[in-house]
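Spelled out, the chains give:
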Amino acid sequence: MNPIRPRPLAAIRGWGAAVLDFVYPPLCMICRNRLSAAEHTVCDACRTRLDLRPQWRCQICGGAGIGGEPRPGRPCRLCPPAGAAWRGVFSVVGYGTLPARCVHMFKYQRRIELGRVMARLICERLAGPIGALAGRIDVIAPVPLHWARRMGRGFNQSTLLARPLASALGLPMNPRLLRRVRYTRRQALLPREQRGDNIRGAFGLGSRAGLDGLGVLLIDDVVTSGATIDECARTLMSAGAREVWAASYARAGMGGPEPEE
Ligand SMILES: [Zn+2]
Ligand SMILES: [Zn+2]
């Protein structure tokens, strides 16, 4: 076969795409401004606001933020409270207006491309700091959805965010480590003080596979009060896990240029 044989179909497809781009120029999925040839899915201006680049990262919990840097060796404002079952949460950006809109469009309007943007940011910003835990994480587990909610949505957003990070870290991902045994109201719709009660008893083990002595990294799209992470961590620790960490795309309390919700 001649390797430089022309490929007429590919040429027509390329030409067709160029005409479509001319008639319907690709727009930023968030601000609807026209994208340049070098931009994909979101424009550079929006991408910058979806990515915090924190001023500090806590040596104890991996939390990061803008302003309010902790003194060396002291807990930061994002460190787990006394009695928490989790060790720390690594996140890309504060839960400001634009990250919240991006997460909302991904989950509720099924804009999978925005999930890819977030997954890429998670890999770029968090693979290094999480990798520095050196051997303390053995398995990655997305926070599970109740099967009815997963069927309604068509996917679990946390699994889509977890997969690229697992391959970047070279760690196994097990989406069935935990399962949601109780249907709960959406945490985001409840006041902070009711979230612990809403989520209590919501998780069970997905399999009897031994967790003895394993370090687990949970993945969620957003962490706000930490109630969901804590409940998952309690379930894993009671099954013999050694320690539980978490990573999310957005997290309330990191601060940044936009007001947090
Ligand atoms: Zn934009
Ligand atoms: Zn901390």
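Residues numbered from 1 in each chain as written. Chains lettered and ligands numbered in written order. Predicted model: local features only at pLDDT ≥ 70, side-chain atom pairs only at ≥ 80, totals over all residues. Heavy atoms only, no water.

## Considering the sheet that holds strand β7 (residues 215-223)
Read from one edge of the open sheet, 4 strands run β3-β8-β7-β4, paired in parallel fashion. What marks the edges here is a single partner per strand, and that holds for β3 (89-94) and β4 (139-142). Adjacent strand axes in the sheet meet at a mean angle of 20 degrees when their direction is disregarded. Where β3 lies against strand β8 (residues 243-251), 5 bridges are found, and the strand directions are parallel. (Pairing = 2+ DSSP bridges. Helix = DSSP H or I, 4+ residues; strand = E, 2+ residues; numbered from the N terminus. Axes fitted to C-alpha atoms, helices over the stretch in contact; angles between N-to-C directions.)

## Description of the packing of aromatic side chains
The tally for this structure, following the rule as stated, stands at 2 aromatic pairs. Centroid distance F90 to W245: 5.9 Å. Interplanar angle 35 degrees. Geometry classified as tilted. Separated by 155 residues along the polypeptide, F90 in strand β3 and W245 in strand β8 bring together distant segments of the chain. Comparing F90 with W245, the two get one shared label, buried. (Phe/Tyr/Trp six-rings, centres within 6.5 Å; stacked < 30°, edge-to-face > 60°. Buried < 20%, exposed > 50% of the residue type's maximum accessible area, 1.4 Å probe, protein only.)

## Looking at the pattern of salt bridges
Proximity of charged atoms lets side chains of opposite charge pair with each other. Taken as a whole and assessed by the stated rule, the structure comprises 9 salt bridges. Ionic pairing is found between D221 and K107, a salt bridge with its closest N-O pair at 2.8 Å. Placement of D221 in strand β7 and of K107 in helix α3 (residues 97-108) is noted, with a sequence separation of 114 residues between them. On the accessibility criterion, K107 (13% relative accessible area) is buried. A salt bridge links R234 to D230; the nearest nitrogen and oxygen atoms lie 2.9 Å apart. Note that R234 and D230 are positioned in helix α8 (residues 227-238) at a spacing of 4 residues, about one turn of the helix. On the basis of relative accessible area, D230 is assigned to the buried category, the value being 16%. Residues joined in a network through salt bridges with shared partners are R87, R136, D138, R242 and E243. (Salt bridge = Lys/Arg side-chain N within 4 Å of Asp/Glu carboxyl O.)

## Structural notes on the coordination of the zinc ion (ligand 1)
Here the zinc ion (ligand 1) is held by C28 (SG), C31 (SG), C43 (SG) and C46 (SG), and the distances to it run 2.3 to 2.4 Å. Metal-centred angles of 104 to 117 degrees between the 4 donor atoms at the zinc ion (ligand 1) mark the site as tetrahedral. Donor residues binding the zinc ion (ligand 1) come from one chain and are separated in sequence as C-x2-C-x11-C-x2-C. Placement of C28 in the loop between α1 (8-23) and α2 (44-49) and of C46 in helix α2 is noted, with a sequence separation of 18 residues between them. (Donors = N, O, S within 2.8 Å, 3.2 Å for Na, K, Ca; no water. Tetrahedral: all angles 85-135°; square planar, octahedral: opposite > 155°, others 65-115°.)

## Some details on the coordination of the zinc ion (ligand 2)
Taken together, C58 (SG), C61 (SG), C76 (SG) and C79 (SG) make up the protein donors of the zinc ion (ligand 2), found 2.3 to 2.4 Å from the metal. Considering all 4 donor atoms around the zinc ion (ligand 2), angles at the metal cover 102 to 120 degrees and the coordination shape is tetrahedral. Accessibility expressed as a relative area gives 9% for C76, which makes it buried.

## As for the domain arrangement of the protein
Splitting the protein by domain gives domain 1 (10-49) and domain 2 (54-251). The gap between the C-alpha centroids of domain 1 and domain 2 is 31 Å. On the side of domain 2, 11 residues touch domain 1, which itself brings 7 residues to the contact. Across the domain 1/domain 2 interface, buried area totals approximately 850 Å², and carbon plus sulfur atoms make up 70% of it. (Domains from an automatic or database assignment. Contact = heavy atoms within 4.5 Å. Buried area = accessible area lost by both parts, 1.4 Å probe.)

## As for the packing of helix α7 (residues 192-199) against α8
Two numbers describe how α7 lies on α8: the axes approach to 9 Å, and their chain directions differ by 30 degrees. Our classification of the angle between α7 and α8 gives roughly parallel. Judged by the sense of rotation from one axis to the other, the crossing of α7 with α8 is right-handed. Contact residues: α7 offers R195, G196 and I199, while α8 offers A227, T228 and E231. Looking at the contact of α7 with α8 residue by residue, the class counts come to 2 nonpolar, 2 polar and 2 charged. (Parallel < 35°, antiparallel > 145°, perpendicular 65-115°, else oblique. Left-handed = near helix turned anticlockwise from the far one by under 90°. Nonpolar A, V, L, I, M, F, W, Y, C, P; charged D, E, K, R; others polar.)

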